[in-house]
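In case you want the letters, here they are:
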Amino acid sequence: MVQQSIKKIVVVGGGTAGWMAASGLAKFLEGSGTRIDVIESSSIGTVGVGEATIPTIVGFNQYLGLDEPDFMRRTQATFKLGIRFDDWAGPGSSFLHPFANYGVPLNGIPFQNMWLRARLAGDDTPMADYCLPSVLARTGRFALPPPDNTNPLGEFGYAYQFDATLYAGYLREYAERRGVQCKDARVLEVNVRSGDGFVESLSLDSGECIEGDLFVDCSGFRSLLVGQCLEAGFEDWSHWLPANRALAVQSELVEPPEPFTRSITREAGWQWHIPLQHRVGNGYVFCSEYQEEEQARETLLKNIAGNPLGEPRLLSFQTGMREVFWKKNCVALGLAAGFMEPLESTSIALIQAGIRLLQAFYPSHGFRQCDIDEANRQGREIYEQMRDFLILHYKLNRRVGDAFWDDCRGMDIPDALAHKLAVYQSRAYLVEYGTEPFKDGSWLSMYAGFGVEPESFDSRANHMSETDLRKSLDQMKTIISNAANLAPVHASFLQGYCQGK
Ligand SMILES: Cc1cc2nc3c(=O)[nH]c(=O)nc-3n(C[C@H](O)[C@H](O)[C@H](O)COP(=O)(O)OP(=O)(O)OC[C@H]3O[C@@H](n4cnc5c(N)ncnc54)[C@H](O)[C@@H]3O)c2cc1C
């Protein structure tokens with residue numbers, strides 16, 4: 001039971017971050033009597049994109065107690081087994097980043113070493129054949145991982161592709177049912193208490209003044225409280241993640257929705273393809289220093305399968321993060337805290353990470369600087385680890401001849417990432433720093449997908465006889481292919497599980 005020194009929480013913003021925060025806090029503080037208000041402005045609106053997620057979202061929805069089929073029906077969601085990267089490793093190339101591991105260790109030796117040894121002996125089986133979601137995705141199939149799985153080859157994570165606006169609305173209903181109050185008004189002034197500099201109230205265009213003990217800044221790129229008012233600086237990462245524009249447009253669904261998101265390289269960036277039950281989300285993320293908006297618009301429109309449902313919408317951004325996401329009595333979540341571009345669908349997961357940290361360091365007995373510092377330290381760690389995973393994609397790209405891509409390949413990368421990459425190149429070893437958001441399987445999918453060739457591998461992989469190795473690998477492949485063949489195609493699974501209207 002949480003003790004209450006916080007009587008009132010004010011969430012500024014009613015986008016995905018605002019409603020995730022309000023729902024997460026309403027659940028966390030259930031029965032405590034804490035009042036939660038959300039202030040949003042319909043005249044400003046939300047960013048309205050953010051449709052692809054990673055598996056952490058499943059845990060968040062479960063924490064709230066949402067019914068999965070109902071949530072999927074209401075948000076027109078599809079399942080997501082991973083992201084398919086087309087043309088990133090050269091023209092015509094394609095590989096999936098699945099939310100899973102590859103194979104299983106043999107005699108305690110990580111799988112990639114055994115695979116490399118077999119390859120050296122002439123076996124050209126792609127690593128993807130040893131990963132159930134990769135095989136499912138290749139054949140357009142989907143089934144939920146068995147909850148009581150005893151075979152690690154059948155274990156995998158999954159996520160959703162959903163309509164972000166519908167998701168925010170769904171969470172709003174959830175939060176309002178738990179007493180959260182919402183006000184449609186524009187915040188004109190953030191009022192700071194003299195003495196300690198804490199935010200004490202917000203002046204609204206309705207003439208009201210809303211007081212609070214804790215403020216959650218979900219005001220989007222504006223970062224009204226933590227950025228603008230409390231002046232938490234912004235750390236610019238555009239030298240590593242140079243994309244700064246996106247053109248987004250929805251289109252008609254002209255083929256059954258695939259159980260994965262697609263990312264396809266274009267001249268100065270990459271295009272996303274996110275199939276929902278009722279339409280497709282498309283967008284072109286690019287760098288304005290390498291391509292004009294008009295040209296980018298043409299590129300996007302000529303590479304969309306169904307008819308566009310409207311005009312492409314331009315979004316401008318700068319990649320990076322606030323130096324701290326928690327300052328005094330204000331916590332920034334979502335775009336107000338930072339943005340790394342949508343390449344690996346990390347933003348919603350970062351909102352969740354922020355909510356988790358707010359709960360873990362909840363100021364039930366007052367605001368202590370040591371708690372705030374620790375939350376900020378952990379928050380930064382997650383951001384930096386995700387950032388490095390994204391940078392890896394650009395660094396390893398093999399799209400030769402386009403200035404944007406050539407420059408990305410040539411850029412200097414952060415030391416921690418350079419070390420990771422070097423150790424893999426040296427001996428196929430996967431370095432992991434603490435509890436990283438992207439696990440071994442994710443890193444391996446990148447190394448294998450981009451064709452990174454390690455100079456050697458764990459010498460213990462040679463201790464197994466060639467016959468035993470062959471037999472074990474064949475067994476893994478067969479188990480996976482049999483399991484995949486039993487799964488229905490994704491569209492049929494959706495139909496039976498949660499079909500939207
Ligand atoms: C091009 C692009 C693609 C993306 N794709 C993905 C993806 O696939 N997956 C993913 O996880 N994330 C993605 N994201 C990120 C994702 O969209 C955001 O993380 C998510 O939507 C949360 O946004 P938000 O709630 O922080 O901000 P917003 O949606 O911008 O909401 C801000 C809220 O603050 C309110 N507000 C602002 N100023 C005031 C004021 N003065 N007074 C009152 N209210 C105010 C607004 O009205 C609004 O309600 C993408 C982002 C971009 C830019």
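Only a predicted model underlies this, so the values are computations on that prediction, with no experimental measurement involved. (Residues numbered from 1 in each chain as written. Predicted model: local features only at pLDDT ≥ 70, side-chain atom pairs only at ≥ 80, totals over all residues.)

To continue, consider the overall build of the chain. Across its full length, the chain holds 15 helices and 21 strands. A globule of 501 residues ought to have a C-alpha radius of gyration of about 23 Å, and the chain, at 23 Å, matches this closely. The principal-axis extents of the C-alpha atoms in the chain amount to approximately 75 × 50 × 50 Å. Across the 501 residues of the chain, 48% fall into the buried class. Considering only residue pairs separated by 6 or more positions, the chain has 76% of its internal contacts joining residues 24 or more positions apart. (Helix = DSSP H or I, 4+ residues; strand = E, 2+ residues; numbered from the N terminus. Rg over C-alpha atoms; globule rule 2.2 N^0.38 Å. Buried ≥ 20, exposed ≤ 12 C-beta atoms within 10 Å, placed from the backbone. Contact = placed C-beta atoms within 7 Å.)

Running from N to C, helix 9 (residues 347-360) and helix 10 (residues 369-396) cross one another at 160°; their axes reach a closest spacing of 10 Å. Viewed along their axes, helix 9 and helix 10 adopt a mutual orientation that is roughly antiparallel. When the axes of helix 9 and helix 10 are compared, the crossing they make is right-handed. Here helix 9 contributes L350, A353, G354 and L357 to the contact with helix 10, which in turn contributes A375, Q378, G379, I382 and Y383. Its residues assigned to classes, the contact of helix 9 with helix 10 shows six nonpolar, three polar and no charged. (Axes fitted to C-alpha atoms, helices over the stretch in contact; angles between N-to-C directions. Parallel < 35°, antiparallel > 145°, perpendicular 65-115°, else oblique. Left-handed = near helix turned anticlockwise from the far one by under 90°. Nonpolar A, V, L, I, M, F, W, Y, C, P; charged D, E, K, R; others polar.)

Glancing now at unusual backbone geometry. Despite not being glycine, Q76 shows a phi value in the positive range, around 55°. Note on Q76: 21 C-beta atoms within 10 Å, which makes it buried.

A separate point is the sheet that holds strand 1 (residues 8-12). Strand order in the open sheet made by the six strands is 7-2-1-11-20-19, with mixed pairing throughout. With one partner strand each, in any of the chains shown, strand 7 (181-184) and strand 19 (326-327) form the two edges of the open sheet. Helix 1 (residues 16-28) rests against strand 1, strand 2 (35-40) and strand 11 (214-217) of the sheet, and its axis sits at about 175° to strand 2. (Pairing = 2+ DSSP bridges.)

What follows covers the environment of F317. Along the chain, the position of F317 falls in the loop between strand 17 (313-316) and strand 18 (320-322). Residues F317 and F339 lie 22 residues apart in sequence; the distance between their C-alpha atoms is 7.9 Å. Contact partners of F317, with chain neighbours within four places excluded, come to F221, N244 and F339.

Below, the discussion takes up the domain arrangement of the chain. Here the domain parsing of the chain yields domain 1 (8-51 + 163-235 + 320-385), domain 2 (78-161 + 414-490) and domain 3 (245-316). In this complex, domain 1 contributes eight residues to the contact, which on the side of domain 3 involves ten residues. Residues that form the side of domain 1 that touches domain 3 fall into these classes: four nonpolar, one polar and three charged. (Domains from an automatic or database assignment.)

A few words now on the site of the ligand. Around the ligand there are 39 residues in total, and G13, G15, G50, G220 and G334 lie nearest to it. Of all the secondary structure elements, the ones that give two or more residues to the shell around the ligand are helix 1, strand 2, strand 13 (245-251) and helix 9. No other element matches the three residues that helix 1 contributes to the shell around the ligand. Looking at side-chain class alone, the shell around the ligand contains 19 nonpolar, 16 polar and four charged residues. Mapped onto the domain boundaries, the shell around the ligand takes at least three residues apiece from domain 1 (8-51 + 163-235 + 320-385) and domain 3 (245-316). (Near = placed C-beta within 6 Å.)

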